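These are the residues of each chain, in order.
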Amino acid sequence: MVFLHPVFTFLFVFMAVSSYLELYVLKKKTPFFLIIAGVLMIIFSGFRYFVGADYPIYRNLYSGFSLYTTYNDVLDKALFIPTSEQIEWIYVFLNKILFDLGSPFYMVTFVMVLMSISLKFTTIYQNLAYPVLGAFMYFMPLYFFEDSGQIRQGMGVAICVFSYRYIKARNLPMFLLMMYIALGFHKTAVAFLPAYWVVKIPMNKARIIAVIVIAILLSPFEVYRIFGSLIDTVGSQDVSDGFSGYVNDSQFGQSVAFGLADIIKIFFIYILYKFDEDGCREVEYYEYMRNLAVFGLFLFYIFRGNRIFAIRLPGAYMFFMSVFVVPSIVYAAKTRVQRVLHTTFMVYLFLMYFNFSSNNGKAGNFTTSKYRNHLWLN
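The rules we used
Residues numbered from 1 in each chain as written. Predicted model: local features only at pLDDT ≥ 70, side-chain atom pairs only at ≥ 80, totals over all residues. Heavy atoms only, no water. Helix = DSSP H or I, 4+ residues; strand = E, 2+ residues; numbered from the N terminus. Contact = heavy atoms within 4.5 Å. Areas by Shrake-Rupley, 256 points an atom, 1.4 Å probe, with all protein chains shown as cover. Phe/Tyr/Trp six-rings, centres within 6.5 Å; stacked < 30°, edge-to-face > 60°. Buried < 20%, exposed > 50% of the residue type's maximum accessible area, 1.4 Å probe, protein only. Salt bridge = Lys/Arg side-chain N within 4 Å of Asp/Glu carboxyl O.

Visitor: Got a sec to walk through the overall build of the protein? Specific residues and values, please.
Guide: Broken down by element type, the protein carries 20 helices and zero strands. Of all intrachain contacts in the protein linking residues separated by at least 6 positions in sequence, the fraction that spans at least 24 positions is 79%. Put simply, the protein shows about 16,100 Å² of open surface, and 66% of that area lies on carbon and sulfur atoms.

Visitor: Pulling in residues and values, what's your account of the packing of aromatic side chains?
Guide: Going through the model one piece at a time under the given rule, you end up with 54 aromatic pairs. Centroid distance Phe-14 to Phe-33: 6.2 Å. Interplanar angle 65°. Geometry classified as edge-to-face. Taken together, the residues span a long stretch of sequence, with Phe-14 in helix α1 (residues 6–26) and Phe-33 in helix α2 (residues 31–46) at a distance of 19 residues. On the basis of relative accessible area, Phe-33 is assigned to the buried category, the value being 11%. Taking 6.1 Å as the distance between ring centres and 50° as the angle between the ring planes, the aromatic pair formed by Phe-319 and Phe-324 counts as tilted. Residues Phe-319 and Phe-324 agree in their burial class; the two are buried.

Visitor: Can you break down the pattern of salt bridges residue by residue, with the values?
Guide: Applying the stated criterion to the full structure yields seven salt bridges. We note a salt bridge from Glu-146 to Lys-120, for which the minimum N-O separation is 2.6 Å. Taken together, the residues Glu-146 in helix α7 (residues 131–146) and Lys-120 in helix α6 (residues 106–127) connect sequence positions 26 residues apart. For the pair Glu-146 and Lys-120, a shared accessibility class is recorded, and that class is buried. For Asp-278, the salt bridge identified is with Arg-281, shortest N-O distance 2.7 Å. Here the residue Asp-278 and the residue Arg-281 both occupy positions in helix α16 (residues 276–282), the gap between them amounting to three residues, near one helical turn. Connected through shared salt-bridge partners, Glu-88, Arg-152 and Lys-187 make up one network.

So this is what it looks like as structure tokens:
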């Protein structure tokens, strides 16, 4: 049996206990638990050392950005003027500033995760009755993929999540500004652009199932190929190679007829269908969260033939599925059902801990024998 490093195991237990206290003892949300969890996550991923599948690539690129890229190149990229630089301009700009200041590479990871976790947790607290449960759903395992691995996409997702306030306020100029900034960190943020309009599509149980069934039926035909090379521009090959070594095919469901990801998605689809009316009745803006989740599931199955894009393109939408919709449904359910749901998700997270530890945890150096942090390196 493989365990994550004690710092992550402690955080896992802390969030499990905090979630229980939030739901059954305090019976209200409090920022205390969320702040502690957020600070620990920032420390554990911000100061990590050769941890995360993409870490070596980003570390090697750090000096290269400053040595071979000028500030004029960054400006051209920001204005959509073609350049030889493939990495997004804000990330390059941040690297150049820190490198020119003489900062070590861990300042890049620290600043990135500080911004990402702050934006995500602020939005979680503002929109959920049970924010610790939402943060817990994020921690296992999104945190390890996004803010401890694919830091550019993690930041892009964070800005997409933060833009939710402008979606609710129907403030299109600010939403578009957030999308522009998100694109400055990762191209896959473009997939979140339809979100502003997706949330207003009338949906019900029948339409939820219809949308997902259509996506599943279309999946074998790889209809996304009609976009040709355009779809390939959302990823950068140098970093995608690192990501490829991070994903276990049997988990994703590509090397076998039916994978773990499919089981999880079916479970989420069931609760979306079962508790749709409860969520709409009890949770403000639940319809918006649900629509984003359904669209994320649609993208997942449409792109299922491409193991990278099926995870990366729906990333921000699936964040709303697990981090926003799940806690909202737990809140909306009646007392007895609420306990069953909360217990079910605790079991899910417990099983995910061991599944992640033995697969991605080992590959990403998050386990006891492999994880290292600059704050306590010998």
